[in-house]
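Chain residues, written in single-letter form:
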Amino acid sequence: MRWTRTANAGGLLEADGRRVLLDGVCQGLDGYEGTPPELLERLLETKLDLIAFTHSHRDHFLAPFVRCYLRRWPGTPVAGPADLVQALAPYPVTEEPVNLGDLQIRPVATRHIGAAFRTVPHFSFVLRTSGACLWFTGDAAPTQRVSPEALPRPDVLLAPFAYAATEAGWRAAELTGAKELVLLHMPRRVKDPAGLWPAVEAVLSRRDTISVRIPAMGETLLL
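Right, let's walk through the structure included here. (Residues numbered from 1 in each chain as written. Predicted model: local features only at pLDDT ≥ 70, side-chain atom pairs only at ≥ 80, totals over all residues. Heavy atoms only, no water.)

A short note on the environment of Asp-102
1) Next: For Asp-102, the position within the fold is in the loop between strand 6 (98–100) and strand 7 (103–109).
2) Next: Under the relative-accessibility criterion, Asp-102 is labelled exposed at 52%.
3) Next: Residues Asp-102 and Val-182, 80 residues apart in the sequence, show an inter-C-alpha distance of 23 Å.
4) Next: Apart from residues no more than four positions distant in its own chain, Asp-102 is found in contact with Asp-16, Arg-128, Thr-129 and Ser-130. (Helix = DSSP H or I, 4+ residues; strand = E, 2+ residues; numbered from the N terminus. Buried < 20%, exposed > 50% of the residue type's maximum accessible area, 1.4 Å probe, protein only. Contact = heavy atoms within 4.5 Å.)

If you want it as C-alpha cells, here you go:
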C-alpha cells in the first residue's frame, strides 16, 4: 500500500489496485497547509476509484475541486456525511459502505475534536484491504464514548495531532492496537501558535509503543 499526503489532514491511498482520496484536497487555514496547486493539477488528471471526506471543514474539504473533478471524471463515487450531501448537490454523495473489489471502505460516525464542534456531522473511515486494516480518523476525537472492544482494530492509524500531543491522546491511539501511526493535521513549524510540534515531540520522546511517521506535503509512504 502507498499513502501520499496531498492535503493538511489527508491524502491518496493506493491499495489493491485502487485509488482512494481521503480528505485529500483542502484550503490552507491558520498555519495548516492547503493542497499545493501542482498537487491539485496532478489529482485532477488521476482516475480515482473513490473520493471520501470526513466532514466539510475547509481544512479537510475543497468543494470547487470536487465539482471540477466530477465534471472531468463523471460517475466517480463520493462518500461523506450529510453536510457534504448539501455542499455538493446535485452530485450524489453516499453515506453507505463502499466495496471496490478487495478494498472495503466503511464510514463510522464519530465525534469531532473539541466541544465547539460536537454537532458537526463527521465520519471516520475503516478501510480493509486484502492484507491490512487502516483507520482514517479525520478529526475524530481520540476519546470516543465507546468501549475499547467497539473500536476498529487497525494495523495502521491515520490520525491528527490529537493522538500524539497529549498522554490521553496517546493512550487512545494505543487502545486501537495499531502498529503504526501516520500523524496528520500538523501545522507548519514556522506557524504553530498552539505549540503542537513541541507537544507532539515531547510525547514521542517518552512513548515508543507505536511506530510514528509524520509525512511532509507530497511525501509518499509505503504502509
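Next, the rest of the story.
Focus on helix 1 (residues 37–44)
1) Next: Taken together, the buried positions of helix 1 are Leu-39, Leu-43 and Leu-44. Viewed end-on, helix 1 has its buried residues packed into an arc of 140°, placing them on one side of the element. Set apart from the buried face of helix 1 by more than 90 degrees, the exposed residues are Pro-37, Glu-38 and Glu-41.
2) Next: Tucked inside the fold, the buried residues of helix 1 contact strand 1 (2–5), strand 3 (18–22) and helix 2 (63–72). (Arc of directions from axis to C-beta.)

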